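Now for the letters of each chain:
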Amino acid sequence: MAEATHPTGYRVYYITWGWLLVMTLLALGVGSVDMPGGIKATLLVGITLGKIVLITAIFMHLRFERLNLILITFCPLVLALIMFFFMIPDTADTATRIFLDR
Amino acid sequence: MEATITEQERILASDWGGGKSPFGTTWGKFMMWIFIVSDALTFVGFIIAYGMMRAMSPEWPDQAEVFDMGLITFMTFALISSSLFMAMAVGAAQQGRPKEAVRFLLITIVGGVIFLGSQVYEWSHFIGEGARLDTNPWGVPQFSASFFVMTGFHGMHVLSGLILLAYTAIRAGSGKYSGDGVEIAGLYWHFIDVVWVFIFAFFYLL
């Protein structure tokens, strides 16, 4: 069973917690430094995805789960992003109009 | 015939083989994962909508001037630390140490209460300065609208998570203890942390 491979000590959780704090401080640094919006967004997305992987893999034990459960959790989110991406042209037009109408 | 059975066993053992337990997990844990995915889709919608409003907005207030970033960082610290204790509570519960699990659960609850209290303080401060759902003193109305909707929905999740943790702690404390139950509550609590990581990066820092 998957449970048999769960870690017995808390050490891995302390290390994960430390890394999460480091990445939070890193994100704070990126947020406060003046830099082009695109670079800032890319860095923040990278740091955020790193934190998400740490939390889901270690705190939520996803690394011990079967591949099909891992895919079931992440695929819908990726598909949703693709769906929203294709809706941008229509939505952008509407959103612009709302701003202009105010 | 023997070769066929071996082939069948090989397929069943693979990740897509199905069998009695296709996901190799209990139904409760699997249902929590399904719930988390659907809940995450709600927040994906919020964050995308916020991104669209932000991209279309002619200007956007400087968050560092509006919010107390020290408080926001402290809230993030409280939530990440509570996640650590939650993970340890799950570990203790799975290894058959219910008393230790309850102790860690209580510390997790304290972390959640600190976070929620800070959020109440932030909201009252924000409202006190004139922010409403459809208007605010700093610029475009979409700024306060996305703040109230995103942090409000997240705050409600923290509140319901605290109720779930309290229920789990009482059950564990009164002997109706279940390692699986603690893990399911833990999944929900970590998910709340995941959502906050997104809000922290994209609403407060970007």
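Since the model is a prediction, treat every value here as computed from it, not as a measurement.

Cut-off values and rules
- Residues numbered from 1 in each chain as written.
- Chains lettered and ligands numbered in written order.
- Predicted model: local features only at pLDDT ≥ 70, side-chain atom pairs only at ≥ 80, totals over all residues.
- Heavy atoms only, no water.
- Helix = DSSP H or I, 4+ residues; strand = E, 2+ residues; numbered from the N terminus.
- Rg over C-alpha atoms; globule rule 2.2 N^0.38 Å.
- Buried < 20%, exposed > 50% of the residue type's maximum accessible area, 1.4 Å probe, protein only.
- Contact = heavy atoms within 4.5 Å.
- Lys, Arg positive; Asp, Glu negative; His and termini not counted.
- Charge placed at Lys NZ, Arg CZ, Asp CG, Glu CD.
- Salt bridge = Lys/Arg side-chain N within 4 Å of Asp/Glu carboxyl O.

Colleague: So what's going on with the overall build of chain B? Which residues, and what values?
Modeller: Within chain B one finds 7 helices and 0 strands. In sequence order, chain B lays out its α and β elements as α-α-α-α-α-α-α. Taking 17 Å as the expected radius of gyration for a compact globule of 206 residues, we find that chain B reaches 21 Å, considerably beyond that expectation. Its C-alpha atoms put chain B at 75 × 40 × 20 Å along the principal axes. When burial is assessed residue by residue, chain B has 53% of its 206 residues classed as buried. At a minimum sequence separation of 6, the contacts of chain B that also span at least 24 residues come to 75%. If the 10 positive side-chain charges of chain B are averaged to one point and the 16 negative ones to another, these points end up 14 Å apart.

Colleague: So what's going on with the pattern of salt bridges? Residues and values would help.
Modeller: By the definition in use, this model includes 3 salt bridges over all chains. Salt-bridge contacts for R97 of chain B lead to E100 of chain B; the nearest nitrogen and oxygen are separated by 2.7 Å. The exposure class assigned to R97 of chain B is partly exposed, which follows from its relative accessible area of 30%. Via salt bridges that share partners, E65 of chain A together with K29 and E183 of chain B belong to a single interconnected network.

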